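Descriptive analysis of the structure
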Amino acid sequence: MTDHLNRRSVLASAVAVAAATATVGEAQAKTVDVKIDANNLSPEMKKKHAVRFPKLDDEGRLNFSEGIRRWQLADKEGKAAVAGRQAYLESTGHSLGETKLSHEEAWNVLMQYPPYAARTRIEWANHDLMYENMFSHLHKNRDMYLAAMDATDKAGPGKLELNPDMALPEYTTHEIHRMPGGYVGDPFAGFAYHWTLTEAYYGGSSRYDELHTRMAQACRVPATGDVNRILDIGCSAGMSTTAFKERFPDAEVWGIDVAGPMVRYAHHRSAKMRLGCNFAQRLAEDSKFPDNHFDVVFDFLLTHEVTIAAAKKIASEMFRVMRPGAVWMHNDLPREDNPKAGLGHTIEGKAHVWNTHRHNYEPWYFRYAQDDFPGMLKAAGFDVQVDNDPRGGFIAAVYATKPV
Amino acid sequence: MPEIKSDPKTGVAPFIKGDWNKAVYLDSPHTDNLMTAFLGLSGEHWALRRRMMVLETMLAKNKSVDLAALEAFEPSAEQKVAWDAERDDFIKRIFTVFTRETTKQTADVPTGATPPTGKL
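Here the structure is a predicted model, which means the values were calculated and not measured.

Some details on the overall build of chain B
- Of regular secondary structure, chain B possesses three helices and zero strands.
- Its helices and strands taken in sequence order, chain B reads α-α-α from the N to the C terminus.
- Relative to the globule expectation of 14 Å for 120 residues, the C-alpha radius of gyration of chain B, 24 Å, shows a markedly less compact shape.
- Along the first, second and third principal axes, the C-alpha set of chain B runs to 70 × 60 × 25 Å.

Describing the overall build of chain A
- Helix and strand counts for chain A come out as 15 helices and 10 strands.
- Here the C-alpha radius of gyration of chain A, 21 Å, is about what a compact globule of 404 residues would show, namely 22 Å.
- Overall size of chain A, expressed as C-alpha extent along the three principal axes, is 65 × 55 × 45 Å.
- Burial status across chain A gives 63% buried among its 404 residues.
- Long-range pairs, those at least 24 residues apart, make up 77% of the contacts in chain A with a sequence separation of at least 6.
- Where the 47 positive side-chain charges of chain A centre and where its 52 negative ones centre are 3 Å apart.

Focus on helix α9 (residues 210–218) of chain A
Residues and elements named next belong to chain A.
- Taken across its nine residues, α9 has seven buried, putting it largely inside the fold.
- Of all the residues in α9, the buried ones are Glu 210, Leu 211, His 212, Thr 213, Met 215, Ala 216 and Gln 217.
- Where α9 is buried, its residues meet β2 (32–35), α10 (239–247), β7 (294–300) and β8 (322–331).

Focus on helix α7 (residues 142–153) of chain A
- For α7 of chain A, spanning 12 residues, the distance from its first C-alpha to its last is 16 Å, which sits close to the expected 16 Å at 1.5 Å a residue.
- If you check which residues of α7 of chain A are buried, you get Met 144, Tyr 145, Leu 146, Ala 148, Met 149, Thr 152 and Asp 153 of chain A.

Notes on the pattern of salt bridges
- This structure, assessed with the given rule, holds 41 salt bridges over all chains.
- One salt bridge connects Asp 88 of chain B with Arg 70 of chain A, and the closest N-O pair in it is separated by 3.2 Å. Placement of the pair is Asp 88 of chain B in helix α3 (residues 77–95) and Arg 70 of chain A in helix α3 (residues 56–77), with the two residues belonging to separate chains.
- For Arg 178 of chain A, the salt bridge is made with Asp 128 of chain A, and the minimal N-O distance between the two is 2.8 Å. Within this pair, whereas Arg 178 of chain A is found in the loop between β3 (160–161) and α8 (189–201), its partner Asp 128 of chain A is found in helix α6 (residues 114–140), the two being separated by 50 residues in sequence.
- What you see here is one network of salt bridges that share partners, running through Glu 66, Arg 70, Glu 199 and Arg 207 of chain A together with Asp 84, Arg 87 and Asp 88 of chain B.

Considerations on the packing of α6 of chain A against helix α1 (residues 29–62) of chain B
- At a minimum axis distance of 10 Å, the contact between α6 of chain A and α1 of chain B shows a crossing angle of 55°. Comparing their axes, α1 of chain B and α6 of chain A come out oblique. In the crossing of α6 of chain A with α1 of chain B, the sense of the turn from one axis to the other is right-handed. Across the interface between the two elements, Ala 118, Arg 121, Ile 122, Ala 125, Asn 126 and Leu 129 of chain A of α6 of chain A pack against Asp 32, Met 35, Thr 36, Leu 39 and Gly 40 of chain B of α1 of chain B.
- A class-by-class count of the residues in the contact of α6 of chain A with α1 of chain B yields six nonpolar, three polar and two charged.

Points about the side chain of Asp 299 of chain A
All names here are of chain A.
- Mapped onto the fold, Asp 299 is located in strand β7.
- Buried within the structure, Asp 299 lacks any salt-bridge partner; Arg 220 is the closest side chain of opposite charge, at an N-O distance of 14 Å.
- Only 2.8 Å separates the side chain of Asp 299 from the side chain of Trp 328, close enough to count as a polar contact.
- When near neighbours in sequence (up to four residues on either side) are disregarded, Asp 299 contacts Asp 232, Ile 233, Trp 328, Met 329, His 330 and Asn 331.

Some words on the environment of Gly 67 of chain A
- Assignment of secondary structure puts Gly 67 of chain A in helix α3.
- For Gly 67 of chain A, a relative accessible area of 1% corresponds to the buried category.
- Measuring from C-alpha to C-alpha, the distance between Gly 67 of chain A and Tyr 201 of chain A comes to 9.3 Å, with 134 residues separating the pair along the chain.
- Leave out the neighbours within four places in its chain, and Gly 67 of chain A touches Arg 87, Asp 88 and Ile 91 of chain B.

Examining the packing of aromatic side chains
- Under the definition given, this model contains 27 aromatic pairs over all chains.
- For the pair Trp 254 of chain A and Phe 289 of chain A, a centre-to-centre distance of 5.4 Å together with 70° between the ring planes defines the contact as edge-to-face. One end of the pair, Trp 254 of chain A, is in strand β5 (residues 252–257); the other, Phe 289 of chain A, is in the loop between β6 (278–281) and β7, with 35 residues separating them in the sequence.
- For the pair Phe 38 of chain B and Phe 98 of chain B, a centre-to-centre distance of 5.7 Å together with 70° between the ring planes defines the contact as edge-to-face.

Looking at the interface of chain B and chain A
- Tallying the contact residues gives 54 residues for chain B and 64 residues for chain A.
- The three residues of chain B that bury the most area against chain A are Trp 20, Tyr 25 and Glu 71 of chain B, which together make up 16% of that side's buried surface.
- The interface formed by chain B and chain A contains 11 salt bridges.
- The shortest N-O distance in the salt bridge between Arg 121 of chain A and Asp 32 of chain B comes to 2.6 Å.
- Joining chain B to chain A, the criterion identifies 27 residue pairs in polar contact (both at pLDDT 80 or more).
- The element contributing the most residues to the side of chain B that touches chain A is α1 of chain B, with 13 residues.
- Among the residues forming the side of chain B that touches chain A, the class breakdown is 25 nonpolar, 10 polar and 19 charged.

Structural notes on the nonpolar core
- One finds Leu 138, Met 179, Tyr 183, Phe 191, Trp 195, Ile 230 and Phe 244 of chain A to be the most contacted residues of the largest nonpolar core, which totals 70 residues.
- Element by element, the count of residues in this core is highest for α8 of chain A, at seven residues.
- With near-sequence residues (within four places) excluded, Ile 230 of chain A lies in contact with Phe 244, Phe 248, Ala 251, Glu 252, Val 253, Trp 254, Phe 294 and Val 296 of chain A.
- Core analysis: the next-biggest nonpolar cluster, separate from the first, contains 36 residues, Trp 354 of chain A together with Tyr 25, Met 58 and Phe 90 of chain B among them.

A closer look at unusual backbone geometry
Residues and elements named next belong to chain A.
- Put simply, Gly 156 and Pro 157 share a cis peptide bond, and its omega is 5°.
- Relative to the helices and strands, Pro 157 resides in the loop between α7 and β3.
- Of note in the backbone geometry, Ser 236 takes a positive phi value of approximately 50° without being a glycine.
- A positive phi angle, near 60°, is found at Arg 274, a position not held by glycine.

Regarding the environment of Glu 78 of chain B
- Along the polypeptide, Glu 78 of chain B turns up in helix α3.
- Spatially, the C-alpha atom of Glu 78 of chain B lies 41 Å from that of Gly 11 of chain B, the residues being 67 residues apart in sequence.

How each quantity is defined
Residues numbered from 1 in each chain as written. Chains lettered and ligands numbered in written order. Predicted model: local features only at pLDDT ≥ 70, side-chain atom pairs only at ≥ 80, totals over all residues. Heavy atoms only, no water. Helix = DSSP H or I, 4+ residues; strand = E, 2+ residues; numbered from the N terminus. Rg over C-alpha atoms; globule rule 2.2 N^0.38 Å. Buried < 20%, exposed > 50% of the residue type's maximum accessible area, 1.4 Å probe, protein only. Contact = heavy atoms within 4.5 Å. Lys, Arg positive; Asp, Glu negative; His and termini not counted. Charge placed at Lys NZ, Arg CZ, Asp CG, Glu CD. Expected span 1.5 Å × (residues − 1). Salt bridge = Lys/Arg side-chain N within 4 Å of Asp/Glu carboxyl O. Axes fitted to C-alpha atoms, helices over the stretch in contact; angles between N-to-C directions. Parallel < 35°, antiparallel > 145°, perpendicular 65-115°, else oblique. Left-handed = near helix turned anticlockwise from the far one by under 90°. Nonpolar A, V, L, I, M, F, W, Y, C, P; charged D, E, K, R; others polar. Polar contact = N/O pair within 3.5 Å; in protein donor to acceptor, adjacent residues only side chain to side chain. Phe/Tyr/Trp six-rings, centres within 6.5 Å; stacked < 30°, edge-to-face > 60°. Buried area = accessible area lost by both parts, 1.4 Å probe. Core = buried A, V, L, I, M, F, W, Y, C linked by side-chain atoms within 4.5 Å.

What follows is the structure, given as structure tokens:
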């Protein structure tokens, strides 16, 4: 097994940070700002970000789940499928416009249509199969993976801080995304989360963490141009945290997450990449950082996984730890009244929200989809702008700037 | 309720078990289970088929196979594209049947001409 680790590394060993396609430029002031084209990554960058499995068959199983994910998305959005759903709704006396049905009722209406029900079954069976195969592999090789994390816990580079005395709010301990054990309940949650995303769930579109590189590269910087400290809240496996460190190699970069297994893996991954990001098990709503400390704050898909009360606290806490002029790039799912995102208060829109909330097991998404996080940012004191050219796929970035 | 604390070494903490694996989406739990098992078997089939493609590649090149080299094999960029296309075709052929449109058959057969597609 050790040989496998050498040949098919748990994570790619360090390669030179300066990628062939990267150019180092001066943004403003003295901040080193490395430009990386996520759509045209160099072989060195791909090697650095690649995930490879010790066993060929484990790789093949995840490769199958990636294929199902690609098929399921294409099949669902195909012209014939959309027309079929609409014809079904009309034939059963339902409106294609806004509906007064509840979200659950809207989902139940569509689940009476056999193609929709079959697609839903395949979607979630594939999701469960993906995690089952992943965790099966990780636990069969648990000693190897635990030893790999042990080796980097203290050696770094970059600090790792676990906080066994911290009380975890109950809302953080659900099995979000149907992932067995959730973010907190399995020592390999970080491995499983990162590897299933890159090797299956993203359908091959972010195999080398391109999505995170794209967002970090697009992130605006404070008007003064200096970026000395960056905070990634709800960092999970740390893909965005490392993308920021790759862009700003001289900055002090922190990733925080309530889940110990996630920050432990994030730190391990960053250390293997020789990037030196710091990770801490902390709450975004109680980050423990000093006042006016960070130049840039980032979050990706965090706020729909917290309660509304926690979201409000996070907005206030970030206002406290950001220095005047600091920028927060916030990226999360669209609200349910956004027809551009395929939502809206139609039967299809409401069914999608219910399917995500109840069947992708996102306990806090239902409230989030109907609430107004940008409004919470404004209430906390930020100047808020929506980016017209987002980099997170269908997710629009919201910039919150702390007034000077 | 006692406070939820995590392990100092691994960071692992108690969690709330969800009910996501108890949902029924089709007309009976048995149909759901069959569909899930079929998906799992298809995944095993694809993993074996991919392994066979690796074997064929190595045999064609070296005339022999070393087990360690087999496990470490990494397809070329061209192979990755070709194999993923083959996988997508395999999945589409097998799984599209589950999402086909169906109608109740009556005594009347369909009428009207359909333009030729070039394939049966």
